[in-house]
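Structure assessment
Here are the chains, one letter per residue:
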Amino acid sequence: MLKQRFITALILAPLLLCGVFFLEPTYFSWFIGLIVALAAWEWANLSSLTSQLARVAYAGVIALLILVLSQMDLQWVLSVSVMWWVIATLFVLSFPDTSNYWSRTSVRCLIGIFTLLPMWKALVFVRTATFAPIPELSPLWIISYMFLLVWAADTGAYFAGKAWGRAKLAPRVSPGKSWAGAWGGVVATIVLSVIASTSLNLESAQVLVLAIITLLTAAISIIGDLTESMFKRQRGIKDSSNLLPGHGGVLDRIDSLVAAIPVFVFLLLSVGWIV
């Protein structure tokens, strides 16, 4: 298993880096769209669409909706996304008591739209956006920060959970996650925000704003992870698929990102830091 994980990571990491940092904006949007379509194919299984035809059809619908989404207002899309993640938080905290609200296949398919598509919209916007506090800053810096934020949260949660993880965060959803892990992830991301603020020479007030935005995004990234775990538990599966040997599926790799990225961009827009 460890060998599989290493080989898969060795192949995927360069592909991801090239796709994010070297593709022109148009090709970048197609690259992210492909990732979303693959995740949609997996989400169809989480929604109890078990036949390959139904799963491919659902992925195709999501791909078509990306074209529709490209013409929609960014602020509206991100506002809907934020509302969904608030609702998802309530579902996670009350699982399984409220699972009857979303257990139907049709409802889960609809939820997949709100889960997957806003990330595409947010990333494509950021790829050509201007960071208002430092207009000359490359938008790739913002994208890098979003990825680093989620990875810092995951890493901090892993080590803090290993060391002090006794009290469980959501035992009915994901027994392995603890409150200590959640706090460890938040602390790691705050450290990241301080390092980023220092490297960018942000003013004191801006340092505080970035720290708050980072903290809120880190918290919602945990909800993204738990939300997928909730759907997998209800579906009775361990991984979203076996597309990535040793790593599970695409959704298993981006479950935190689909929540964190739209919320992070929404918060940046709300404080006027990105245009």
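Structural data are supplied above this passage.
Before going into details, it helps to say that this report is about the structure given with it.

Calculation criteria
- Residues numbered from 1 in each chain as written.
- Predicted model: local features only at pLDDT ≥ 70, side-chain atom pairs only at ≥ 80, totals over all residues.
- Heavy atoms only, no water.
- Helix = DSSP H or I, 4+ residues; strand = E, 2+ residues; numbered from the N terminus.
- Contact = heavy atoms within 4.5 Å.
- Buried < 20%, exposed > 50% of the residue type's maximum accessible area, 1.4 Å probe, protein only.
- Core = buried A, V, L, I, M, F, W, Y, C linked by side-chain atoms within 4.5 Å.
- Axes fitted to C-alpha atoms, helices over the stretch in contact; angles between N-to-C directions.
- Parallel < 35°, antiparallel > 145°, perpendicular 65-115°, else oblique.
- Left-handed = near helix turned anticlockwise from the far one by under 90°.
- Nonpolar A, V, L, I, M, F, W, Y, C, P; charged D, E, K, R; others polar.
- Expected span 1.5 Å × (residues − 1).
- Pairing = 2+ DSSP bridges.
- Patch = residues over 30% accessible without salt bridge, like charges linked within 9 Å, V, L, I, M, F, W, Y side chains within 5 Å.
- Areas by Shrake-Rupley, 256 points an atom, 1.4 Å probe, with all protein chains shown as cover.
- Salt bridge = Lys/Arg side-chain N within 4 Å of Asp/Glu carboxyl O.
- Phe/Tyr/Trp six-rings, centres within 6.5 Å; stacked < 30°, edge-to-face > 60°.
- Lys NZ or Arg CZ within 6 Å of the ring centre and 35° of its normal.

Structurally, Thr 50 can be placed in the loop between helix H2 (25–46) and helix H3 (52–69). Contacts of Thr 50, omitting those with residues within four sequence positions, involve Arg 55 and Arg 235.

Moving on, we come to the environment of Leu 257. Within the secondary structure, Leu 257 is located in helix H9 (residues 250–270). For Leu 257, a relative accessible area of 7% puts it in the buried group. The spacing of Leu 257 and Ala 211 is 46 residues in sequence and 18 Å in space, taken between C-alpha atoms. Setting aside chain neighbours within four positions, we find Leu 257 in contact with Met 119, Met 146, Phe 147, Val 150 and Pro 262.

The next subject is the nonpolar core. By size, the foremost hydrophobic cluster in this structure holds 84 residues, and its most contacted members are Val 36, Trp 85 and Ile 143. In terms of residue count, H9 provides more of this core than any other element does, 15 residues in total. Apart from the residues lying within four places of it in its own chain, the contact partners of Val 36 are Ile 62, Ile 66, Leu 116, Leu 117, Met 119 and Trp 120.

At their nearest, the axes of helix H4 (residues 74–94) and H9 sit 9 Å apart, and the two run at 125° to each other. In this view, H4 runs oblique relative to H9, as classed from their interaxial angle. Considering the relative orientation of H4 and H9, their crossing is left-handed. Of the residues in H9, those in contact with Leu 74, Gln 75, Leu 78, Ser 79, Ser 81, Val 82 and Trp 85 of H4 are Val 258, Ala 259, Pro 262, Val 263, Val 265, Phe 266 and Leu 269. Among the residues making up the contact of H4 with H9, the classes are represented as eleven nonpolar, three polar and no charged.

Once that is clear, we can look at the environment of Leu 140. On the secondary structure map, Leu 140 appears in helix H6 (residues 139–164). You can call Leu 140 buried: its relative accessible area is 17%. Measuring from C-alpha to C-alpha, the distance between Leu 140 and Ser 79 comes to 23 Å, with 61 residues separating the pair along the chain.

Below, the discussion takes up helix H8 (residues 204–235). A turn of α-helix holds 3.6 residues, and therefore any two residues three or four places apart point the same way. Compared with an ideal rise of 1.5 Å per residue, which puts 32 residues at 46 Å, H8 spans 47 Å between its outermost C-alpha atoms and is within 8% of the ideal. Just past H8, the residue Gly 236 takes up positive phi, approximately 80°.

What follows is about the pairing of strand E2 (residues 174–178). Two strands pair when backbone bridges link them, and strand E1 (residues 168–170) and E2 are joined in this way by two bridges, in the antiparallel orientation. Bridge pairing in E2 links Lys 168 to Ser 178. Where E1 folds back on E2, the antiparallel hairpin that results is connected by three residues.

Moving on to a nonpolar patch on the surface. Taken together, the side chains of Leu 208, Ile 212, Leu 215 and Leu 216 make up a nonpolar region of the molecular surface, amounting to roughly 360 Å² of accessible area. If you trace the backbone, Leu 216 turns up in helix H8. Among the residues examined, Leu 216 registers a relative accessible area of 42% and is labelled partly exposed.

Here we come to H4. In a regular helix each residue adds 1.5 Å, so 21 residues correspond to 30 Å; H4 covers 30 Å between its end C-alpha atoms and thus fits that length. Those residues of H4 not exposed but buried are Leu 74, Val 77, Leu 78, Val 80, Ser 81, Trp 84, Trp 85, Ala 88, Thr 89, Phe 91, Val 92 and Ser 94. Contacts made by the buried residues of H4 are with H3, helix H5 (105–127), H8 and H9.

With that settled, consider the packing of aromatic side chains. Under the defined criterion, the tally for this structure stands at twelve aromatic pairs. The interplanar angle of 20° and the centroid separation of 6.2 Å between the aromatic rings of Phe 95 and Trp 102 together place this pair among those described as stacked. Both residues of the pair, Phe 95 and Trp 102, count as buried. Counting every residue linked through ring pairs, the aromatic cluster contains Phe 131, Trp 141, Tyr 145, Phe 264 and Trp 273. Sitting over the ring of Trp 41, Arg 55 keeps its end group 3.8 Å from the ring centre. Sitting over the ring of Phe 28, Arg 127 keeps its end group 5.9 Å from the ring centre.

This next bit is on unusual backbone geometry. Cis peptide bonds are those with omega within 30 degrees of zero, and the linkage from Phe 95 to Pro 96 qualifies with 5°. When you line up the elements, Pro 96 lands in the loop between H4 and H5. Its identity is not glycine, yet Ser 48 carries a phi of approximately 75°, on the positive side. Checked against the element boundaries, Ser 48 lands in the loop between H2 and H3. Unusually for a residue other than glycine, Asn 201 sits at a positive phi of about 55°. With respect to the helices and strands, Asn 201 occurs in the loop between helix H7 (179–200) and H8. For Asn 201, a relative accessible area of 68% corresponds to the exposed category.

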